[in-house]
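# Chains, contacts and geometry: an overview
Given next are the chains, with one letter for each unit.
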4 protein chains.
Amino acid sequence: MLDLMAEAEPLNPARRRAPRADAVRNREAIVEAAAEVLAEQGAAVDVREIARRSGVGMGTLYRHFPKKEDLVRTVLRRDFSQWAESARLAAVDAEDPWAALADFYQQALTGYARHRAIVENLALTWAEPDLEGIQQLRRVIERLCARATAAGLLRPGVTTDDLLLLLISLGHAVQLTDECRPHLWTRLLHISLDGLRPGHRAPLPADPDQPR
Amino acid sequence: MLDLMAEAEPLNPARRRAPRADAVRNREAIVEAAAEVLAEQGAAVDVREIARRSGVGMGTLYRHFPKKEDLVRTVLRRDFSQWAESARLAAVDAEDPWAALADFYQQALTGYARHRAIVENLALTWAEPDLEGIQQLRRVIERLCARATAAGLLRPGVTTDDLLLLLISLGHAVQLTDECRPHLWTRLLHISLDGLRPGHRAPLPADPDQPR
Amino acid sequence: MLDLMAEAEPLNPARRRAPRADAVRNREAIVEAAAEVLAEQGAAVDVREIARRSGVGMGTLYRHFPKKEDLVRTVLRRDFSQWAESARLAAVDAEDPWAALADFYQQALTGYARHRAIVENLALTWAEPDLEGIQQLRRVIERLCARATAAGLLRPGVTTDDLLLLLISLGHAVQLTDECRPHLWTRLLHISLDGLRPGHRAPLPADPDQPR
Amino acid sequence: MLDLMAEAEPLNPARRRAPRADAVRNREAIVEAAAEVLAEQGAAVDVREIARRSGVGMGTLYRHFPKKEDLVRTVLRRDFSQWAESARLAAVDAEDPWAALADFYQQALTGYARHRAIVENLALTWAEPDLEGIQQLRRVIERLCARATAAGLLRPGVTTDDLLLLLISLGHAVQLTDECRPHLWTRLLHISLDGLRPGHRAPLPADPDQPR
DNA sequence: CATGAATGAGGCTTCATTCAT
DNA sequence: GATGAATGAAGCCTCATTCAT
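The residue numbers shown here count from 1 along each chain, following its written sequence. Chains and ligands are labelled by the order in which they are written, letters from A for the one and numbers from 1 for the other. Whole-chain, interface and lining totals are the exception, using all residues; otherwise, since this is a predicted model, local features are given only for residues with pLDDT of at least 70 and side-chain atom pairs are given and counted only at 80 or more. Excluding hydrogens and water, the side-chain values take into account all heavy atoms of the structure.

Per an unreviewed UniProt entry, chain A goes by the name TetR family transcriptional regulator and belongs to Nonomuraea fuscirosea.

Structure representation (structure tokens):
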């Protein structure tokens, strides 16, 4: 219901009247360029570089995103989403829930090494979990986790948060080793996945912080 | 004889190195303050903030460290070393090689969460491995790895690089979760350690990059 | 056709170069102010002083001239050119080739006393002769030299380089005496010009360095 | 009389008691080093460089010369004197007054090219003529001028100031061309000297500023 | 007195953000 | 609306001068 209302804006056309013509095109160009630049150089880039690459002036950029932070957020939302989606797709093909999980990690980590700003901002995962893209990612993992647990393929007590944290920490590892030791992180993934299988002696320590 | 005299500095105070009583104190204050600030805020801090906190003027700071980079390097060296040493000490007490490894990680990761600049610069581990502190860390891990392998407690094929990368990636995880979910990373450590034990079905994939 | 439209800028103001009405004004103001300040105080001035006098912020100044050096160069180019041009104009009126030469020196040295930065940078004449203004100056002298030589009014063997060096060294003299002995340099000019006339006993020593 | 009193300081030994032992040696070392550095790099050098080369600490340096300017002045005084003296000596050998003049210029300009600070500070010649070294120089020229005039070898009306200004402006020329066109200035000297001989058509313009 | 460490004002430059055109 | 020029607060670093040892 609420969602529908959110989209029902046209009901009051005089209010938020928007000549979408090129404004939309501009906004997209900005986000596209920003994504490129942020992936390449991290969030410390000069805003000018983004404006230059997107072909718009600084004024236009700042009209759409009043603060640099706003733009960064928008891009992160988008790229987190894309990331989540492509990793999800890599997982759905597998019939075996364990293979789905493994494929997910493989895909997520492979396509991920390039994005500096995402890695930099993974910190937001728990600190500020309202970033929509992160929620999406979490939902994908949630499903994979549930499937594998149901099939008895996952070590008892493993939570979505565990899997998410694993993803993040391996993501960082990928970033670090991508240029000089590009195969190293795969081994770490193997090790971690094996640690996620059931059948280990000791149970995991409790997580008293877990909400709920 | 001359050598002995050379060490008896007080006898000939004008000779080579004046004691520079306060210079040493200042230099230490600078490094101390810088370590604090770098740990808190990462390497992007204003040099002025470091000067302010160490209680010296800009000139003094720049006399000891002609470039900001020099100071950062010095602090990183020091803190990597301290880190390595305290983690090593945590490991030597344990008779069981496996326990030594586990204790090492536990200690290393616990004392580590606070240091932003170190996390930022872990990237240098492979890219620029001449940072002395990193070498120290690597040597500690090397020994632990050898011990556990010799005792047959470590999964075949696990290398120092694997263990180092694990440390780094878990370190990052600690940093991210330290404030909001302080117990989460312990579970990941458990999982990873279990993945490092022998007895898993599939062997690790090869690491073609491994020098030698 | 397209070219014509391209020049009819107002027709398509968004096309290539927006007129940047004030940008041009600002740039000129900056150069103007810089010229003033450089003339007064030499190249060691604080950039802020230039910004202040031109009425723009630091950012604007650095947008137009990314390095202080760039601004200095621009001003020197401009002022050398102006200098060369006004001196040339002073020379063309004279029918007598010798008078042309004398008028040139007179004018060049008179309008020149004020400019500290130019004097400072005359050193570039030979060391870095690609400064456009210097080339212009040299070409003016070249022509005067050729004319006077052809008319047999110039001492045999006198080259453009000689005349240029004379200009420079007298320029320096002007600078030094301008405030306290404003008429002194004129006498030196007389003396030097007389030394340039033909009819002296000994020929000039050779210049083995002369290119070609 | 006054001079004698100035040297009679020892009459009141309790007043300006001075342990000359190494203080004098230090002062000399400073001046020596400063002269070197100033000649090489001009007056813009870092005071530290001078302290380093003279082997004394900053404190000592500043005890002898409370301002950088004081040290620079002292050096200039000294080097102007040396310069004047060596040029004078080059002149006294010649019996012919004209040759004396020519030798003087030749020697003065040859030994002079190296000294950046002197060239930079020639401006003081008229602006601040109390620099003792400059007075010395002037006296040398005065004598040469008088001799040549008396012998009828100098163009009528040429003054000490003319000759001094010529020296300065040629000095500047030497500096500029010394590295790239080391023979160029000699030609200019020839030209100027020829301009100084008697027998030219027009008399020199008057110098109404001439004191006295 | 000598030493050289300490001081801090001031210089150049960058960049997020605002504003005139 | 779009444009890109303008703004100015920081940021890094240097160096004449002072001061504790």
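That shown, we press on.
A few words now on the relation of the copies chain D and chain C. When the copies are superposed, the least-squares fit takes in the C-alpha atoms of residues with a pLDDT of at least 70 in both. Take chain D, turn it by 177°, move it 0.0 Å along the axis, and it overlays chain C with an RMSD of 0.6 Å. Such values leave the two copies arranged in the relation of a two-fold axis. Minimal C-alpha distance to the rotation axis in chain D is attained by G195 of chain D, lying at 2.0 Å. The contact criterion used is simple: two residues touch if any of their non-hydrogen atoms lie within 4.5 Å. Here 100% of the contact residues of chain D are again contact residues in chain C; the copies associate through an equivalent surface.

This next bit is on the UniProt feature "DNA-binding region" (unreviewed entry) in chain A. UniProt positions are given in the numbering used here, feature names are shortened, and annotations may be inferred rather than shown by experiment. Those residues carrying the UniProt feature "DNA-binding region" (unreviewed entry) are residues 46–65 of chain A in this numbering. Each helix is a run of H or I in the DSSP string that is no shorter than four residues. Each strand is a run of E no shorter than two, and both are numbered from the N terminus. End C-alpha to end C-alpha, residues 46–65 of chain A measures 15 Å, and it is 75% helix and 0% strand.

Further remarks concern the packing of helix α10 (residues 160–177) of chain C against helix α11 (residues 184–196) of chain D. For the pair α10 of chain C and α11 of chain D, interaxial distance at closest approach is 10 Å and the crossing angle is 75°. Judged by the angle between their axes, α10 of chain C and α11 of chain D are roughly perpendicular. Every residue of α11 of chain D that contacts α10 of chain C at D161, D162, L165, L166 and S169 of chain C is listed here: L184, W185, R187 and L188 of chain D. Its residues assigned to classes, the contact of α10 of chain C with α11 of chain D shows five nonpolar, one polar and three charged. All axes are obtained by fitting lines to C-alpha atoms, using only the stretch in contact for helices, and the reported angles, taken between N-to-C directions, cover 0 to 180 degrees. Should an angle lie under 35 degrees it is considered roughly parallel, over 145 roughly antiparallel, and from 65 to 115 roughly perpendicular; all remaining angles are considered oblique. Each residue receives one of three labels: charged for Asp, Glu, Lys and Arg, nonpolar for Ala, Val, Leu, Ile, Met, Phe, Trp, Tyr, Cys and Pro, and polar for the others, Gly being one of them.

On to the interface of chain D and chain C, then. Across the boundary between the two partners, chain D contributes 46 residues, which contact 46 residues of chain C. Computed with a 1.4 Å rolling probe, the buried area is the accessible surface lost when two parts are put together, summed over both parts. Taken over both partners, the interface formed by chain D and chain C buries close to 4000 Å², and the fraction arising from carbon and sulfur atoms is 66%. Three residues, R181, R187 and I191 of chain D, lead the burial of chain D against chain C; their summed loss comes to 19% of the area buried on that side. We count a salt bridge whenever a side-chain nitrogen from Lys or Arg sits within 4 Å of a carboxyl oxygen from Asp or Glu. Here chain D is connected to chain C by eight salt bridges. The shortest N-O distance in the salt bridge between R187 of chain C and D162 of chain D comes to 2.5 Å. Throughout this description, a polar contact denotes any pair of N or O atoms lying within 3.5 Å of each other; where both atoms belong to protein, one of them has to be capable of donating a hydrogen while the other can accept it, and for residues adjacent in sequence the pair is counted only when both atoms sit in side chains. The tally of links between chain D and chain C comes to 13 residue pairs in polar contact (both at pLDDT 80 or more). Of all the elements in the fold, those that place two or more residues in the side of chain D that touches chain C are α8 (124–127), α10 (160–177) and α11 of chain D. No other element matches α11 of chain D, which puts eleven residues into the side of chain D that touches chain C.

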